[in-house]
Amino acid sequence: MTEQQSKIVKTFADCNMNVQATANLMCYHRNTIIYHLQKVKKETGLDPMNFYDLVKLLNLGV
């Protein structure tokens, strides 16, 4: 996972899993956030849009 994707996952968690709030905070389009979250899912097998997988990612030190 890239550093950018790691920051997106952390910010996504800080924004209570709200894609639009994450996009606004990071100055990205919401589709960009979704794209990177899907790439994280493909690379790690953990879906950051699923609460339990997001917790696992955060515990792994994303």
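Residues numbered from 1 in each chain as written. Predicted model: local features only at pLDDT ≥ 70, side-chain atom pairs only at ≥ 80, totals over all residues. Heavy atoms only, no water.

1. Considering the overall build of the chain
Counting its regular elements, the chain contains 4 helices and 0 strands. Along its sequence from the N terminus, the chain presents helices and strands in the succession α-α-α-α. Relative to its length of 62 residues, the chain is compact, with a C-alpha radius of gyration of 10 Å against a globular reference of 11 Å. With the C-alpha coordinates aligned to their principal axes, the bounding extent of the chain is approximately 25 × 20 × 20 Å. Burial analysis of the chain (62 residues in total) assigns 37% to the buried set. (Helix = DSSP H or I, 4+ residues; strand = E, 2+ residues; numbered from the N terminus. Rg over C-alpha atoms; globule rule 2.2 N^0.38 Å. Buried < 20%, exposed > 50% of the residue type's maximum accessible area, 1.4 Å probe, protein only.)

2. Description of the packing of helix H1 (residues 3-14) against helix H3 (residues 30-44)
H3 packs onto H1 with a crossing angle of 110° between their chain directions and a minimal axis gap of 10 Å. The pairing of H1 with H3 is recorded here as roughly perpendicular in orientation. Counted together, Gln4, Gln5, Ile8, Val9 and Phe12 of H1 and Ile33, His36, Leu37, Lys39, Val40 and Glu43 of H3 form the full contact between these two elements. Class assignment for the residues of the contact of H1 with H3 results in 6 nonpolar, 3 polar and 2 charged. (Axes fitted to C-alpha atoms, helices over the stretch in contact; angles between N-to-C directions. Parallel < 35°, antiparallel > 145°, perpendicular 65-115°, else oblique. Contact = heavy atoms within 4.5 Å. Nonpolar A, V, L, I, M, F, W, Y, C, P; charged D, E, K, R; others polar.)

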